[in-house]
Amino acid sequence: STILDLAQALPYAQEIDAKAAQAWVTGIVKKDGLSAKTVARILSSIRGYWKHLTALSLVKSDPFTGLTLPPTAKRGTSWKPFTPAQVVDLVKRANANSDHELADLITIDMWTGARIEEVCSLKVQDVDLAGKSFNVTDSKTKAGVREVPIHEELLPTLRRLIGKRTTGYVLADLTANKYGDRSNAIGKRFGRLKKAAGFGPAHVFHSIRKCVSTQLENALVPEGITADIIGHEKPNITYGIYSGGASLEVKRAALANLRYPAL
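Residues numbered from 1 in each chain as written. Predicted model: local features only at pLDDT ≥ 70, side-chain atom pairs only at ≥ 80, totals over all residues. Heavy atoms only, no water.

Novice: Which parts of the structure should I look at to understand the packing of helix α1 (residues 2–9) against helix α3 (residues 36–55)?
Specialist: For any two helices packed against each other, the geometry comes down to the angle between their axes and how far apart the axes lie. Running from amino to carboxyl end, α1 crosses α3 at an angle of 80°, the nearest separation of the two axes being 9 Å. On the basis of their axis angle, the class for α1 and α3 is roughly perpendicular. Facing α1, whose interface residues are Thr 2, Ile 3 and Leu 6, α3 presents Arg 41, Ile 42, Ser 45, Ile 46, Tyr 49 and Trp 50. Across the contact of α1 with α3, the residue classes break down as six nonpolar, two polar and one charged. (Axes fitted to C-alpha atoms, helices over the stretch in contact; angles between N-to-C directions. Helix = DSSP H or I, 4+ residues; strand = E, 2+ residues; numbered from the N terminus. Parallel < 35°, antiparallel > 145°, perpendicular 65-115°, else oblique. Contact = heavy atoms within 4.5 Å. Nonpolar A, V, L, I, M, F, W, Y, C, P; charged D, E, K, R; others polar.)

Novice: Please explain the packing of aromatic side chains as it appears in this structure.
Specialist: Between two aromatic rings, the relevant description is the distance of the centres plus the angle of the planes. Throughout the structure, instances matching the rule amount to seven aromatic pairs. Relative to Trp 50, the ring of Tyr 49 lies with its centre 6.4 Å away and its plane at 80°, an arrangement referred to as edge-to-face. Given a relative accessible area of 33%, Tyr 49 falls into the partly exposed group. Of the residues examined, Trp 50 reaches a relative accessible area of 3% and is grouped as buried. Ring geometry for Phe 82 against Phe 190: centres 6.3 Å apart, planes inclined by 75°, an arrangement best described as edge-to-face. Taken as a pair, Phe 82 in the loop between α3 and α4 (84–96) and Phe 190 in helix α8 (residues 184–196) lie far apart in primary sequence, 108 residues in all. For Phe 190, a relative accessible area of 2% gives the class buried. (Phe/Tyr/Trp six-rings, centres within 6.5 Å; stacked < 30°, edge-to-face > 60°. Buried < 20%, exposed > 50% of the residue type's maximum accessible area, 1.4 Å probe, protein only.)

Novice: Looking at this structure, how should I read helix α12 (residues 248–255)?
Specialist: The α-helix winds at 3.6 residues per turn, so residues separated by three or four positions along the chain end up facing the same way. Turning to α12, its buried residues are Leu 248, Lys 251, Ala 254 and Leu 255. Mapping the buried residues of α12 onto a view down its axis gives an arc of 120°, with all of them on the same face. For α12, the secondary structure elements touched by its buried residues are β2 (133–136), β3 (146–149), α9 (206–218) and α10 (223–230). (Arc of directions from axis to C-beta.)

Novice: Where do I start with the side chain of Asp 228 in this structure?
Specialist: Looking at the element boundaries, Asp 228 is found in helix α10. In terms of polar contacts, Asp 228 uses its side chain to reach the backbone amide nitrogen of Ala 246, at 2.7 Å. (Polar contact = N/O pair within 3.5 Å; in protein donor to acceptor, adjacent residues only side chain to side chain.)

Novice: Is there a simple way to explain the environment of Leu 154 in this structure?
Specialist: Secondary-structure assignment places Leu 154 in the loop between β3 and α7 (155–162). Taking the C-alpha atoms as reference points, Leu 154 and Asp 104, separated by 50 residues in sequence, lie 9.7 Å from one another. For Leu 154, the residues in contact, after removing those within four places along its chain, are Thr 107, Ile 108, Trp 111 and Thr 112.

Novice: Could you clarify how one ought to interpret unusual backbone geometry in this entry?
Specialist: One can expect most non-glycine residues to show negative phi and most peptide bonds to be in trans. Notably, Ser 57 is not glycine yet its phi reads approximately 60°, a positive angle. Position of Ser 57 among the secondary structure elements: in the loop between α3 and α4. What makes Ser 57 exposed here is its relative accessible area of 64%.

Novice: Help me understand the nonpolar core in this model?
Specialist: Core analysis: the biggest nonpolar cluster contains 49 residues, and Leu 105, Ile 106, Phe 190 and Tyr 260 have the highest contact counts within it. Per-element tally for this core: the top contributor is helix α5 (residues 100–110), with six residues. With near-sequence residues (within four places) excluded, Tyr 260 lies in contact with Pro 84, Val 87, Val 88, Met 110, Trp 111, Cys 211, Val 212 and Gln 215. (Core = buried A, V, L, I, M, F, W, Y, C linked by side-chain atoms within 4.5 Å.)

Novice: Explanation requested: the pairing of β2 in the structure shown.
Specialist: Regular strands place their side chains on alternate faces of the sheet. The pairing of strand β1 (residues 127–128) with β2 spans two bridges and is classified as antiparallel. Across the sheet, Asp 128 pairs through a bridge with Ser 133, a residue of β2. Where β1 folds back onto β2 in an antiparallel hairpin, the turn is made up of four residues, including Lys 132, whose phi is positive at roughly 60°. In the sheet, β2 pairs with β3 via four bridges, with the strands oriented antiparallel. Note that in β3 the partner of Phe 134 across the bridge is Val 148. (Pairing = 2+ DSSP bridges.)

Novice: Can you walk me through the state of the cysteines in this structure?
Specialist: Such a bond, covalent and formed between the sulfur atoms of two cysteines, is termed a disulfide. One pass over the full model with this rule turns up zero disulfides. With no disulfide of its own, Cys 120 lies closest to Cys 211 among cysteine sulfurs, the gap being 18 Å. Owing to a relative accessible area of 1%, Cys 211 belongs among the buried residues under this scheme. (Disulfide = S-S within 2.5 Å.)

Novice: Please clarify how the side chain of Ser 121 should be interpreted in this entry.
Specialist: Relative to the helices and strands, Ser 121 is located in the loop between α6 (116–120) and β1. A polar contact of 3.4 Å, which involves the side chain of Ser 121, links it to the backbone oxygen of Glu 118. If near-sequence neighbours (up to four positions away) are discounted, Ser 121 is found in contact with Asp 138 and Tyr 169.

Structure follows, in structure tokens:
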């Protein structure tokens, strides 16, 4: 999607010089209010694409190297975790608004810590209700491809969503945008929901994932096991390079530490 956004604004790679690249970066920061971290991620994606173009001898130099980060880019803002009670309140608010699809999305995330894109792209055939686990096969990182235990509290929701189906998406009624992203529209609905609940820009859907991580940390779950559950790179070189990862039962025992007020 980053490359497609760039192509829409600057369609001819051969005509993009450092001046045009700088103007584009400054423009997206001003228009979208991006953080410095987001701009860095965008530029990293584009530089990777430019490296590919260079290898094909389609361009000669990378105009996106050495750009000045606009001073208006937000800095030092980090997302905050929701508390367990706040997550439950958001589920209740979504149901009260008759947005049961959003309530189901939040429910899946509060018991797994998965990324919103992972939940929205989760397919029925990747869920093993009998074995009480599911496989994330579509993730933004290599570490994100993983098997996740299904918490006992999440089983009823998944059983209802899947029913007797054997194919398709778990969240069946989501629609994809022009880039094939099924999380875009429902993510915006979550943004409106949390804003109506009084939360500012420091709280986003990712804050549910942070809630899960915070609970596991406070339960003294080792960081490597939490990383295996939520799909992060291992912080330790030995585990990150040489370990095959925590077993499903070890991850299941860790997730059993999650606690939320009753819905």
